[in-house]
Amino acid sequence: MIPTRASYRDIPLYAPAKKPCRVDLSDNTNLFGTPPSAVRVLREASLRAVSGYPAGYSPDLRRAVAAYAGVAPEAVATGCGSDGIIDSAIRAFLEPGDVLAFQDPTFVMVPLYSKMNGVKAAPVPLRADFDVDADALVATGAKVIYLCSPNNPTGTALSRAAVERVVERAPGLVIIDEAYVEFASGPGFLDLARTRRNVLVTRTFSKAYGLAGMRVGWAVGAPALVAEVEKARGPYMLTALSEVMATAVLTEDREWVTARAQEAVANRERLRGELVQLGLRPLPSEANFLMVPLPGAARVAERMRERDVNVRAFQGLTGVGDALRIGSGPWPLLETALAALRESLR
């Protein structure tokens, strides 16, 4: 066998415990269906979208995002999901051995990207109120700091004051991952990407926009910063079909997306009330899911899978412990999940 990089040997494949279930609330995707414009694009797609290469750097989508975000197209990066852009930014701005700092807990792929790219991980625990510890993050001296708000997996949002403090004092790039911003009560941090040269805000079409299977993400930052990310990304990272679909949904179906996001939030809070009745204490959430601290969460999740419901279990999360992450969607799906949870807790 050809030897691998030593730093790769303990990197696991991303394979959370799950199996095909009738109700799957584990991925926090849009469970209300496919946006109408995306359905139209699929019906009208030509074979050219399959047989030919796509545009190298998604020019049509970049223009659509630029119009939406109020920036020039040169300030927009695209990629294979927002996680692909995050990985590209790490490669662009960190040499092997440099430090990548991030809040803990956060998006599970970020510490894995640190190993994949040969950089040092510096996890910094969230404060007791689940806000970011700005001074501790900056004190790591990291050339790249990753923030996630609303945070995955906790669902909690970071404060404006803490994020601005990180941005003002950081020695290098600050990535702000806003995959769940459409479900949040606040406006997010896109304005910082427009006005600060060291900020890259990433977003995705995989959650509220209902295109998880098409793998489309985007980011906004200073044009010089974006140019480096695009170099690390490489060409042809979006298929021709995914670019057309994402462009259509962004330009034609924002009202559809907003309505479904609002319903997901309303059902999330209805779910919270039911969980409290069961004696559980979900964390505050600004996303389309609830994080529910629960000892033995992995065993409970397995029992729920036996009842044809899939949720995500976490073990030993910093400041949380064991917990279930339960996505929000149409209420009938959540009712089924609640029934499975009640039976699994017995």
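Reference entry: report on the structure contained in this document. (Residues numbered from 1 in each chain as written. Predicted model: local features only at pLDDT ≥ 70, side-chain atom pairs only at ≥ 80, totals over all residues. Heavy atoms only, no water.)

1. A look at unusual backbone geometry
Thinking step 1. Here Ser149 and Pro150 are connected by a cis peptide whose omega angle stands at -10°.
Thinking step 2. Secondary-structure assignment places Pro150 in the loop between β5 (144–148) and α7 (160–169).
Thinking step 3. Residue Asn152 is joined to Pro153 through a cis peptide bond whose omega torsion reads 25°.
Thinking step 4. Considering the arrangement of structural elements, one finds Pro153 in the loop between β5 and α7.
Thinking step 5. The phi angle at Ser58 is positive, at roughly 55°, despite the residue not being glycine. (Helix = DSSP H or I, 4+ residues; strand = E, 2+ residues; numbered from the N terminus.)

2. A look at the side chain of Arg272
Thinking step 1. Among the structural elements, Arg272 can be located in helix α11 (residues 254–277).
Thinking step 2. At 2.9 Å, the side chain of Arg272 forms a polar contact with the side chain of Glu269. (Polar contact = N/O pair within 3.5 Å; in protein donor to acceptor, adjacent residues only side chain to side chain.)

3. Notes on the environment of Phe314
Thinking step 1. Here Phe314 lies in strand β11 (residues 312–317).
Thinking step 2. Between the C-alpha atoms of Phe314 and Pro73, which are 241 residues apart in sequence, the distance is 39 Å.

4. Some details on the nonpolar core
Thinking step 1. In terms of nonpolar packing, the biggest core is built from 65 residues, with Leu137, Ile145, Leu147, Val163, Ile176, Phe205 and Val220 touching the most fellow members.
Thinking step 2. Not counting residues within four places of it along the chain, the set of residues in contact with Ile176 comprises Leu147, Val163, Phe189, Leu192, Val199, Leu200, Val201 and Thr202.
Thinking step 3. By size, the runner-up hydrophobic cluster in this structure holds 26 residues, among which are Ile90, Leu94, Met109 and Ile175. (Core = buried A, V, L, I, M, F, W, Y, C linked by side-chain atoms within 4.5 Å. Buried < 20%, exposed > 50% of the residue type's maximum accessible area, 1.4 Å probe, protein only. Contact = heavy atoms within 4.5 Å.)

5. Here's the deal with α7
Thinking step 1. Of all the positions in α7, only Ala162, Val163, Val166 and Val167 are classed as buried. Taken end-on, α7 shows its buried residues confined to a sector of 135°, consistent with a single buried face. Turned more than 90 degrees from where α7 packs its buried face, Ala161 and Glu168 sit exposed.
Thinking step 2. Contacts made by the buried residues of α7 are with α6 (134–139), β5, β6 (173–177), α8 (190–195) and β7 (199–204). (Arc of directions from axis to C-beta.)

6. As for the sheet that holds strand β9 (residues 289–293)
Thinking step 1. Strand order in this open sheet of three strands is β9-β12-β11, and the pairing throughout is antiparallel. Lying at the two open borders of the sheet, with one neighbouring strand each, are β9 and β11. Shown here is a sheet whose adjacent strand axes are inclined to one another by a mean of 25°, direction ignored.
Thinking step 2. Taken together, the four bridges between β11 and strand β12 (residues 321–327) define a ladder with antiparallel strand orientation. (Pairing = 2+ DSSP bridges. Axes fitted to C-alpha atoms, helices over the stretch in contact; angles between N-to-C directions.)

7. A few points about the packing of aromatic side chains
Thinking step 1. Throughout the structure, instances matching the rule amount to four aromatic pairs.
Thinking step 2. Taken together, a centroid distance of 4.7 Å and an interplanar angle of 20° make the contact between Tyr53 and Tyr236 stacked. Of this pair, Tyr53 sits in the loop between α2 (48–51) and α3 (59–69) while Tyr236 sits in the loop between α9 (223–233) and α10 (240–252); the two residues are 183 residues apart in sequence, bridging distant segments of the chain.
Thinking step 3. Overall, the relative accessible area of 67% leaves Tyr53 in the exposed class.
Thinking step 4. Overall, the relative accessible area of 42% leaves Tyr236 in the partly exposed class.
Thinking step 5. For the cation-ring pair, Arg325 lies above Phe289, with the distance from its terminal atom to the ring centre recorded as 5.7 Å. (Phe/Tyr/Trp six-rings, centres within 6.5 Å; stacked < 30°, edge-to-face > 60°. Lys NZ or Arg CZ within 6 Å of the ring centre and 35° of its normal.)

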